[in-house]
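Survey of secondary and tertiary structure
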Amino acid sequence: MIELKINNNEAGQRLDKYLFKYFKEAKASFIYKMLRKKNIVLNGKKSDGKDKLNQGDIVKVFMADETIAKFRGESVKFKTVKNPRINIVYMDDNIALINKEAGILSQKASDSDISVNELFISYLLNNKIITMESLNTFKPSIVNRLDRNTSGLICAGISLKGSQIMSEMFRDRTIDKYYLCLVKGKITEEQEIKGYLKKVESTNKVEILDIPKDDSYSYIETKYIPVCSSDEYTLLKVKLVTGKTHQIRAHLAYNNHPLVGDTKYGDKKCNAFFKEKYKLKHQLLHSYNMIINSEKLGLKNKNIIAEVPKIFDIIVYSELNYKINK
């Protein structure tokens, strides 16, 4: 999957015209097929290709890297990472589940970046699971993303079959995903909160409202269950009903329960306390658990758990007397 952000020079044209130029080796019929099947979406929504593009629009392409390279007329290039540090918690012939560290990008934003994607491919090469030559016909890659400072489970496709099936499951939200987070305030009851979210490009943040101002806002739902709490903090298990950018962080902050350590949506006084006491530099949000049920992949209610980072476990035990990593 790739994400394309429309700049000022690209704005003003129709989406299909933009795609014809981007995928210069693809036939128009293929482009329209990808639009119909929602393998290409505009701002998270289906498009027939006739929409006019605006600066800041996001075009997401749910295709394997080698397919993208083929229709762009490019060859796949890859620079290996020596001794890649990567925590794989599950792997079979088709997919892998990786426990990402906080502070690492899911996919690189510039050529000089090292991301989970590069670490994973380097791991496969170093362990002779794939070869450099095989990258010219298929390039394994991650199929979902986490924010740089969010830790936890990321899924990667090893085979084309695995990449396609898992991309579809993430897109259709047929995977059960659960997060753990530490928030400010005491929460004692399970709740499902609803609202509307809009990405604000000028601030690189999202805005959440109970009632949308216009159709640029996307509907969101977030479920959470308190695991344990004190008078000041609560450890929550969160399930995303919808999956939007910064949804957990912004939605909980909007409901007066900001994440501990979140410098974008959090409480400054709270963050300063945890930075001083624990040297915490990122939000305590962890993609903890995935349950995958796919006959095509031979996985029946496969329950995968990623241990929380040591700092997360230490803080929760110190503040709430609860140990996550049993």
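What counts and how
- Residues numbered from 1 in each chain as written.
- Predicted model: local features only at pLDDT ≥ 70, side-chain atom pairs only at ≥ 80, totals over all residues.
- Heavy atoms only, no water.
- Disulfide = S-S within 2.5 Å.
- Buried < 20%, exposed > 50% of the residue type's maximum accessible area, 1.4 Å probe, protein only.
- Helix = DSSP H or I, 4+ residues; strand = E, 2+ residues; numbered from the N terminus.
- Contact = heavy atoms within 4.5 Å.
- Pairing = 2+ DSSP bridges.
- Phe/Tyr/Trp six-rings, centres within 6.5 Å; stacked < 30°, edge-to-face > 60°.
- Axes fitted to C-alpha atoms, helices over the stretch in contact; angles between N-to-C directions.

Let us look at the state of the cysteines. One pass over the structure, following the stated rule, counts 0 disulfides. Take Cys-228: it sits in no disulfide, and the sulfur closest to it among the cysteines is that of Cys-181, at 11 Å.

Before going further, it helps to spend a moment on helix 3 (residues 65–72). Taken residue by residue, helix 3 has Asp-65, Glu-66, Ile-68, Ala-69 and Phe-71 as its buried positions. Those residues of helix 3 that are buried lie in contact with strand 1 (2–5), helix 2 (28–36), strand 3 (58–61), helix 4 (116–126), strand 6 (141–142) and helix 5 (160–172). Among the residues trailing helix 3, Gly-73 stands out with phi positive, at a value near 75°.

What follows covers the pairing of strand 5 (residues 95–100). Most of strand 5 is tucked away: 6 of the 6 residues are buried. Neither face of strand 5 is exposed, since Ile-95, Leu-97 and Asn-99 on one face and Ala-96, Ile-98 and Lys-100 on the opposite face are all buried. Two strands pair when backbone bridges link them, and strand 4 (residues 88–91) and strand 5 are joined in this way by 3 bridges, in the antiparallel orientation. Within strand 5, the residue paired with Tyr-90 across the bridge is Leu-97. What sits between the antiparallel neighbours strand 4 and strand 5 is a turn of 3 residues.

Before going further, it helps to spend a moment on the packing of aromatic side chains. Within this structure, the stated rule accounts for 8 aromatic pairs. The interplanar angle of 85° and the centroid separation of 5.8 Å between the aromatic rings of Phe-20 and Tyr-32 together place this pair among those described as edge-to-face. Residue Phe-20 is found in helix 1 (residues 15–22), and its partner Tyr-32 is found in helix 2; the two are separated by 12 residues along the sequence. Classification of Phe-20 by relative accessible area gives partly exposed; the value is 25%. Note on Tyr-32: relative accessible area 27%, which makes it partly exposed.

Along the polypeptide, Asn-256 turns up in the loop between helix 6 (247–254) and helix 7 (268–278). In sequence terms Asn-256 and Gln-13 are 243 residues apart; their C-alpha atoms lie 41 Å from each other.

Take the sheet that holds strand 2 (residues 40–42) next. In spatial order, the strands read 1-3-2; together these 3 strands make up an open sheet with antiparallel pairing. Edge positions in the sheet fall to strand 1 and strand 2, since each has one partner strand and no second. The average angle at which neighbouring strand axes cross in this sheet is 20°, direction not considered. Relative to strand 3, strand 1 runs antiparallel, the two sharing 4 bridges. Across the sheet, the residue bridging to Glu-3 is Lys-60, located in strand 3. Packing against the sheet, helix 1 makes contact with strand 1, strand 2 and strand 3, and its axis sits at approximately 120° to strand 1.

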